[in-house]
Number of protein chains: 2
Amino acid sequence: MENSQIIAQTSDKHCTHDIKVSCGSCRLNTICMPVSLHIDDIDQLNKIIQRGRPLHKGEYLYRAGDPFTAVYAIRSGAVKALTISDSGNEQVTGFYLPGEVVGLDGLANNTHTNSVIALETSSICEIPFNRLEEVSMQLPKLQRHFLQLMSREITQEQQIISLLGKSSAEARIASLLLSISTRNSSRSLSSTQFLLPMSRTDIGNYLGLTIETVSRTFARLQKARVISVDKKEVSINDIAGLQQLAKGAE
Amino acid sequence: MENSQIIAQTSDKHCTHDIKVSCGSCRLNTICMPVSLHIDDIDQLNKIIQRGRPLHKGEYLYRAGDPFTAVYAIRSGAVKALTISDSGNEQVTGFYLPGEVVGLDGLANNTHTNSVIALETSSICEIPFNRLEEVSMQLPKLQRHFLQLMSREITQEQQIISLLGKSSAEARIASLLLSISTRNSSRSLSSTQFLLPMSRTDIGNYLGLTIETVSRTFARLQKARVISVDKKEVSINDIAGLQQLAKGAE
DNA sequence: TATTTGACTTGATGTGAATCAACGTTCGGT
DNA sequence: ACCGAACGTTGATTCACATCAAGTCAAATA
């Protein structure tokens with residue numbers, strides 16, 4: 001196994017362009033493809049993964065309609081996925097943070113139904129799907145993991161559906177913040193202080209709220225001393241309180 | 001291939017209990033597992049599928065928390081899937097009609113996150129997952145089909161998310177009716193006249209509306225001569241109009 | 001047949017978020 | 001350093017849907 005240890009930077013400024021990290025040494029490998037693989041299995045996985053140049057803010061990873069050829073693991077940065085609904089509106093369908101995998105929407109018809117756009121400069125691992133399928137044939141665990149990724153996506157979306165159907169603006173925002181908090185802590189980042197990678201507009205679109213309501217809700221949560229917000233910087237002062245709000249408490 | 005041709009009845013009253021239909025002769029096989037398989041492949045698939053006794057209205061196919069062992073194809077009748085959200089509310093996550101497959105929610109954690117309940121007397125094909133996995137190893141097409149089923153579930157849910165985030169009560173109801181209409185026609189049933197298998201309460205829960213709003217919206221659509229409703233019986237008088245409403249037109 | 005029960009409808013009123021509008025702030029480009 | 005555009009905040013008003021409340025209807029039970 002090669003010994004390259006260049007860890008991708010979260011900061012835009014010092015982002016390393018010449019990225020060579022093996023899956024074995026990537027600090028995200030417990031999230032991205034957390035399969036207990038033998039060393040040569042990892043090697044095999046490693047060989048098929050391509051690491052591209054960083055994607056800059058606003059650039060597309062792929063567009064709705066593009067042929068489906070690969071799935072993508074976020075290595076650093078953040079992206080949003082969105083579809084154009086029947087009514088012609090953009091709908092943000094998800095935010096993806098380092099260690100998470102996008103692109104599964106393409107499987108149904110061999111065509112992506114979502115577009116994915118970088119929210120900040122991001123580095124991405126491309127995993128060609130036909131190669132992944134081949135390797136999976138020999139590694140049932142990898143196969144299974146892949147199904148689990150999809151299944152998890154389904155259950156997550158069901159939570160969003162419940163959120164949109166039944167919850168107040170406050171509960172929606174609280175849930176989003178808690179979701180990001182949890183995902184940060186699983187990457188050993190702070191669960192109480194972080195930068196939101198997405199705009200208010202994106203948040204509103206994702207949660208089915210107008211930008212004004214998002215803004216007011218942040219203000220309200222801050223006045224209630226549950227969080228502090230300054231622009232994109234959020235700190236959670238009262239997690240328990242936020243969880244109550246997410247559940248719809250007064 | 002055996003020649004049993006007992007077709008499951010949609011009607012509750014004459015439902016055949018002693019069901020023996022092979023996948024090869026099932027009239028739903030173009031929807032359920034539309035894989036172009038050789039005859040012996042179908043035979044192989046056929047062997048692993050278990051056909052249970054019919055499930056009566058209100059009975060559970062499985063419950064949230066049950067271990068994941070199988071996926072299920074609806075052969076006749078209809079079921080609803082629901083989760084208990086964090087806030088403790090029931091959330092109907094989907095309705096499943098003949099030819100459609102439920103149970104994919106269990107893959108993420110080897111445990112079902114949804115419960116599935118019969119809306120009317122239904123017969124169900126149980127497809128044990130470990131056997132399916134084995135067979136898939138030898139039949140890449142089946143493997144691929146299965147991934148497509150999941151991917152389709154994801155994209156469908158994204159449409160619901162968009163619906164709940166951005167659309168009026170009218171658009172939501174219109175979309176649901178169109179969805180059922182489309183799915184009916186793919187089973188060669190009428191796309192303009194059908195019985196709703198679910199209650200107003202279920203519809204409201206699914207679409208994030210109160211039962212009163214569901215009722216009033218049906219009434220409004222009827223007054224606008226777009227549909228006719230009598231209890232559970234719906235006929236669509238103006239599909240184009242309904243499509244406009246689903247898109248959010250005035 | 002009377003009686004309860006659950007599913008649905010219809011009307012009157014209240015409210016949370018959308019809309020409309022104005023203004024402040026940050027950022028990218030020259 | 002300046003400018004315009006995009007992003008964000010805050011306030012006043014409106015509106016679609018929720019809530020509250022009564023009542024209808026059909027099937028289930030006794």
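The model shown is predicted, which means the values in this text are computed figures rather than measured ones.

1. Quick word on the protein's contact with DNA strand C
Phase 1: As a structural note, the neighbourhood of DNA strand C is formed by 17 residues, with A169(A), T213(A), R216(A), S215(B) and R216(B) the closest of them.
Phase 2: Here A169(A) contributes a backbone N or O atom positioned 2.6 Å from a phosphate oxygen of DNA strand C.
Phase 3: One of the side-chain N or O atoms of T210(A) is found 3.0 Å from a phosphate oxygen in DNA strand C.
Phase 4: Contributing elements (two or more residues each) for the surface near DNA strand C: helix 7 (211-223) of chain A together with helix 6 (200-207) and helix 7 (211-223) of chain B.
Phase 5: No other element matches the 4 residues that helix 7 of chain B contributes to the surface near DNA strand C.
Phase 6: For the surface near DNA strand C, a count of residues per class yields 3 nonpolar, 7 polar and 7 charged.

2. Digging into the confidence of the model for chain A
Close reading of the predicted structure is inappropriate where its pLDDT is low.
Phase 1: The predicted model of chain A has a mean per-residue pLDDT of 84, with 80% of residues at 70 or higher.
Phase 2: Ranking the elements of chain A by mean pLDDT puts helix 2 (residues 39-48) of chain A last, at 61, and helix 6 (residues 200-207) of chain A first, at 97.

3. Some remarks on the side chain of S235(B)
Phase 1: With respect to the helices and strands, S235(B) occurs in strand 11 (residues 233-236).
Phase 2: With residues near it in sequence (within four places) discarded, S235(B) still touches T192(B), Q193(B), I227(B) and S228(B).

4. Structural notes on the sheet that holds strand 10 (residues 227-230) of chain A
Residues and elements named next belong to chain A.
Phase 1: As summarised here, the arrangement of the 3 strands in space is 9-11-10, forming an open sheet in which the pairing is antiparallel. The sheet is open, and its two borders are formed by strand 9 (193-195) and strand 10, each paired with just one other strand. Each strand axis lies, on average, 15° off the axis of its neighbour in the sheet, ignoring direction.
Phase 2: Examined bridge by bridge, strand 9 and strand 11 (residues 233-236) share 3 bridges and lie antiparallel to one another.

5. Considerations on the pairing of strand 8 (residues 123-128) of chain B
All names here are of chain B.
Phase 1: Burial of strand 8 is extensive: 5 of the 6 residues sit out of reach of the surface.
Phase 2: Taken together, the 6 bridges between strand 3 (residues 70-76) and strand 8 define a ladder with antiparallel strand orientation. When the bridges of strand 8 are listed, V71 appears paired with I127.

6. Let's talk about the domain arrangement of chain A
Residues and elements named next belong to chain A.
Phase 1: Here chain A is partitioned into domain 1 (3-163) and domain 2 (167-246).
Phase 2: Contacts between the two partners involve 20 residues from domain 1, matched on the other side by 17 residues from domain 2.
Phase 3: Carbon and sulfur atoms supply 57% of the area buried between domain 1 and domain 2, which totals about 1,500 Å² over both sides.
Phase 4: When the buried area of domain 1 at its contact with domain 2 is split by residue, F95, L97 and L163 rank highest and sum to 43% of it.
Phase 5: At the junction of domain 1 and domain 2, the tally comes to 2 salt bridges.
Phase 6: Here K80 and D202 are joined by a salt bridge, their closest N and O atoms 2.8 Å apart.
Phase 7: Run the count over domain 1 and domain 2 and you get 7 residue pairs in polar contact (both at pLDDT 80 or more).
Phase 8: Where the side of domain 1 that touches domain 2 is concerned, the elements lending two or more residues are strand 5 (90-96) and helix 4 (140-166).
Phase 9: Here the side of domain 1 that touches domain 2 gets 7 residues from one element, more than from any other, and that element is strand 5.
Phase 10: Residues of the side of domain 1 that touches domain 2, tallied by class, amount to 11 nonpolar, 4 polar and 5 charged.

7. Here we look at the protein's contact with DNA strand D
Phase 1: Lining the immediate surroundings of DNA strand D are 16 residues, of which S215(A), R216(A), A169(B), T213(B) and R216(B) lie closest.
Phase 2: Considering DNA strand D, the proportion of its atoms within 4 Å of the protein that are sugar or phosphate atoms stands at 62%.
Phase 3: Contact distances for DNA strand D include 2.7 Å between a base nitrogen and a side-chain N or O atom of R216(A).
Phase 4: When contributions to the surface near DNA strand D are tallied by element, the ones reaching two or more residues are helix 6 and helix 7 of chain A together with helix 7 of chain B.
Phase 5: For the surface near DNA strand D, the residue count by class is 3 nonpolar, 7 polar and 6 charged.

8. Topic: the packing of aromatic side chains
Residues and elements named next belong to chain A.
Phase 1: Scanning the model with the defined rule gives 8 aromatic pairs over all chains in all.
Phase 2: By the ring-pair criterion, three or more aromatic residues cluster together here, those being F68, F129 and F146.
Phase 3: Residue placement shows R63 over the ring face of Y60; its charged tip is 3.7 Å from the ring centre.

Quick notes on the rules
Residues numbered from 1 in each chain as written. Chains lettered and ligands numbered in written order. Predicted model: local features only at pLDDT ≥ 70, side-chain atom pairs only at ≥ 80, totals over all residues. Heavy atoms only, no water. Near = heavy atom within 4 Å. Polar contact = N/O pair within 3.5 Å; in protein donor to acceptor, adjacent residues only side chain to side chain. Helix = DSSP H or I, 4+ residues; strand = E, 2+ residues; numbered from the N terminus. Nonpolar A, V, L, I, M, F, W, Y, C, P; charged D, E, K, R; others polar. pLDDT = per-residue confidence, 0-100. Contact = heavy atoms within 4.5 Å. Pairing = 2+ DSSP bridges. Axes fitted to C-alpha atoms, helices over the stretch in contact; angles between N-to-C directions. Buried < 20%, exposed > 50% of the residue type's maximum accessible area, 1.4 Å probe, protein only. Domains from an automatic or database assignment. Buried area = accessible area lost by both parts, 1.4 Å probe. Salt bridge = Lys/Arg side-chain N within 4 Å of Asp/Glu carboxyl O. Phe/Tyr/Trp six-rings, centres within 6.5 Å; stacked < 30°, edge-to-face > 60°. Lys NZ or Arg CZ within 6 Å of the ring centre and 35° of its normal.

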